[in-house]
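Survey of secondary and tertiary structure
One-letter residues, chain by chain:
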Amino acid sequence: MSEEGKITVSEFKIVVESFEENQKKIVEVINYRFDKVDGRLVNVEGRLDKVENRLGTMEIKQNRFEVKTDSMMEQIALLHEGQTEIKAELRSGLKDRVTYSDFAKLEKRVVRLENKVA
């Protein structure tokens, strides 16, 4: 500086050149960091795609499960209907049938009567 508070043109050029160099360094650093961020974003996008695919397959599996569950519920309902019919038949049939112990008593009685007659 020649006079107080005044800058010469050459000094101004030096300041501007220094500023430009510093600005270039800052831009290089920012670009480097953005490249790193871009790489990370690509990784995140890849992971999100995988998650999306997994969710899609899970949804398909859930739909298959729901269909299987519905068909299983229908089969269970049919089995339940069959069970109630069988139970009803057994109840009505059991009333007409003799138990084994009753049959054994009857057989002993018949044998005694046959022995008395003979």
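Before going into details, it helps to say that this report is about the structure given with it. Model, not experiment: these values are computed from the prediction.

**Regarding the overall build of the protein**
For the protein, the count of helices and strands is two helices and zero strands. Relative to the compact-globule value of 13 Å for 118 residues, the protein shows a C-alpha radius of gyration of 48 Å, a clear excess of over 25%. When the backbone C-alpha atoms are referred to their principal axes, the protein occupies close to 160 × 25 × 20 Å. When burial is assessed residue by residue, the protein has 1% of its 118 residues classed as buried. In the form shown here, the protein has an accessible surface area of approximately 12000 Å², with 59% of it arising from carbon and sulfur atoms.

**Some words on a positive patch on the surface**
Taken together, the side chains of Lys-108, Arg-109, Arg-112 and Lys-116 define a basic patch exposed on the protein surface. Mapped onto the elements of the fold, Arg-112 is located in helix α2 (residues 100–117). With a relative accessible area of 54%, Arg-112 lands in the exposed category.

**Overview of a nonpolar patch on the surface**
A contiguous nonpolar surface patch, about 450 Å² in accessible area, is contributed by Ile-26, Ile-30, Phe-34, Val-37 and Leu-41. When you line up the elements, Ile-26 lands in helix α1 (residues 9–96).

**Some remarks on α2**
Taking 1.5 Å per residue, 18 residues should reach 26 Å; α2 reaches 26 Å between its end C-alpha atoms and fits that length. Buried residues are scarce in α2, accounting for zero of its 18 residues.

**Considerations on the environment of Lys-108**
In this structure, Lys-108 sits in helix α2. Its relative accessible area of 55% is what places Lys-108 among the exposed residues. Separated by 48 residues in the primary sequence, Lys-108 and Ile-60 place their C-alpha atoms 69 Å from one another.

What counts, and at which threshold
- Residues numbered from 1 in each chain as written.
- Predicted model: local features only at pLDDT ≥ 70, side-chain atom pairs only at ≥ 80, totals over all residues.
- Heavy atoms only, no water.
- Helix = DSSP H or I, 4+ residues; strand = E, 2+ residues; numbered from the N terminus.
- Rg over C-alpha atoms; globule rule 2.2 N^0.38 Å.
- Buried < 20%, exposed > 50% of the residue type's maximum accessible area, 1.4 Å probe, protein only.
- Areas by Shrake-Rupley, 256 points an atom, 1.4 Å probe, with all protein chains shown as cover.
- Patch = residues over 30% accessible without salt bridge, like charges linked within 9 Å, V, L, I, M, F, W, Y side chains within 5 Å.
- Salt bridge = Lys/Arg side-chain N within 4 Å of Asp/Glu carboxyl O.
- Lys, Arg positive; Asp, Glu negative; His and termini not counted.
- Charge placed at Lys NZ, Arg CZ, Asp CG, Glu CD.
- Expected span 1.5 Å × (residues − 1).

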